[in-house]
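Chains, contacts and geometry: an overview
Listed below, chain by chain, are the residues.
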Amino acid sequence: MNEQTPPGPLLRCQDVRVRFGGILALDGVGFDVNEGAIVGIIGPNGAGKTTLFNCISRLYPVHGGDISFAGRSLLATPRHRIAALGIARTFQNVALFDTLSVAENVMLGAHRRFGRGFVADALRLRSAVRAGRELSNEAERWLAMLGLEGVAQRRVSDLPFGTRKRVELARALAGKPRLLMLDEPAAGLNHAEVEELTVRIRSLKERLGLTILLVEHHMHVVMSLSDTVIALDFGRRIAAGTPLHVQQHPDVIRAYLGGPPHTTRSSSAKVAS
């Protein structure tokens, strides 16, 4: 019997380097994200976490190395095509259309899957009307899943910050991504909201079979959710492994508490997640 080759990781970052002028923001960062895993990215402010997210989203150029998704390099993919590949993200500072309703924001997240343009919608073409019904049905599903039915017709700008965070999550999920990237989802939330968010992310992952890449400062959220944790400092990967291993790693303790960095370079090794 022939042995089957195991599938590769869903997301692979290999020796990723990014410069902003004379500053090396990412210095040879590498790791794998296997399908169905939750991988957490931690590090002090300025460690390169959001820069890494922006490279995967193609918002920032990559000056060295490669980022691949489902075996395909993302570096030649225009940023407007990233969502169509099956990658969705939220932002540290909520990025919604404030003048639109909650339902309309969520419908925009699902819009790419129906292949209809806004011009066709405006002209009320028969196919666009049919797609509109499908979009509305999709939006209702995600609104219900995120507990947003009661505010579906409210304008986003009128909602409290915690609710806006849920709207952004619903919009990302409406695209039915294979990879969901969460950039500081607990930022600005109170203790009760953080606990609710942690339970919600775990439930969504199990219910939908999501693969999640998570950047978060709340250590409880990262450590309780993640299968693998990657620690960055000054743009380099300083530790990777299980939450317990990374929590106890001396370089991670130095990065958060202060002290001279360890000299061993570990940024480009592969991590099974």
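All figures in this text were calculated on a predicted structure; none of them were measured in a lab.

This part takes up the pattern of salt bridges. Inspection of every chain in the model, using the stated rule, returns 11 salt bridges. In this structure, arginine 164 engages aspartate 98 in a salt bridge whose closest nitrogen and oxygen atoms are separated by 3.1 Å. In this pair, arginine 164 sits in helix H6 (residues 161-174) while aspartate 98 sits in the loop between strand S6 (87-89) and helix H3 (102-111), placing the two residues 66 residues apart along the sequence. Classification of arginine 164 by relative accessible area gives buried; the value is 14%. Residue class for aspartate 98 comes out partly exposed when judged on its relative accessible area of 33%. Its salt-bridge partner being glutamate 196, residue arginine 200 comes within 2.7 Å of it at the nearest N-O pair.

Looking now at the confidence of the model for the chain. Averaged over the chain, the pLDDT score is 85; the fraction of residues at 70 or greater is 84%. For residues 1-5, every residue scores under 50 in pLDDT, and the model assigns this stretch 0 contacts once sequence neighbours within four places are set aside. Note that residues 263-273 has pLDDT below 50 and, in this model, 35 contacts with residues that lie over four places away or in other chains.

What follows deals with unusual backbone geometry. Backbone phi values are negative for most residues with the exception of glycine, while trans is the configuration of most peptide bonds. Here the phi dihedral of aspartate 15 falls at roughly 50°; this positive angle occurs in a residue that is not glycine. For aspartate 15, the location among the structural elements is in strand S1 (residues 11-20). Although it is not a glycine, glutamate 184 sits at a positive phi angle of roughly 55°. Mapped onto the secondary structure, glutamate 184 falls in the loop between strand S7 (179-183) and helix H7 (191-208). With relative accessibility at 5%, the residue glutamate 184 sits in the buried group.

Let us look at helix H10 (residues 250-257). Within the span of H10, buried status applies to Asp251, Val252 and Ala255. Buried residues of H10, seen end-on, are gathered within an arc of 100° and therefore sit on one face of the element. For H10, the secondary structure elements touched by its buried residues are strand S3 (38-42), strand S9 (228-233), strand S10 (236-241) and helix H9 (243-247). Just downstream of H10 lies glycine 258, where phi reads positive at about 100°.

Applying the stated criterion across every chain, the model contains 1 aromatic pair. Ring centres of phenylalanine 20 and tyrosine 60 lie 5.4 Å apart, and the angle between their planes is 85°; this geometry places the pair in the edge-to-face category. Here the residue phenylalanine 20 occupies a position in strand S1, and tyrosine 60 occupies one in the loop between helix H1 (49-56) and strand S4 (64-69), the gap between them amounting to 40 residues. Cation over ring: arginine 141 sits above tryptophan 142, and NZ or CZ is 4.4 Å from the ring centre.

Turning next to the sheet that holds S4. One open sheet accounts for 4 strands, arranged S2-S1-S4-S5; its pairing is antiparallel. Only two strands of the sheet have a single partner each, and these edge strands are strand S2 (23-33) and strand S5 (72-73). With 2 bridges connecting them, S4 and S5 associate as antiparallel partners. Considered in S5, the bridge of serine 68 is made with serine 73.

The rules behind these values
Residues numbered from 1 in each chain as written. Predicted model: local features only at pLDDT ≥ 70, side-chain atom pairs only at ≥ 80, totals over all residues. Heavy atoms only, no water. Salt bridge = Lys/Arg side-chain N within 4 Å of Asp/Glu carboxyl O. Helix = DSSP H or I, 4+ residues; strand = E, 2+ residues; numbered from the N terminus. Buried < 20%, exposed > 50% of the residue type's maximum accessible area, 1.4 Å probe, protein only. pLDDT = per-residue confidence, 0-100. Contact = heavy atoms within 4.5 Å. Arc of directions from axis to C-beta. Phe/Tyr/Trp six-rings, centres within 6.5 Å; stacked < 30°, edge-to-face > 60°. Lys NZ or Arg CZ within 6 Å of the ring centre and 35° of its normal. Pairing = 2+ DSSP bridges.

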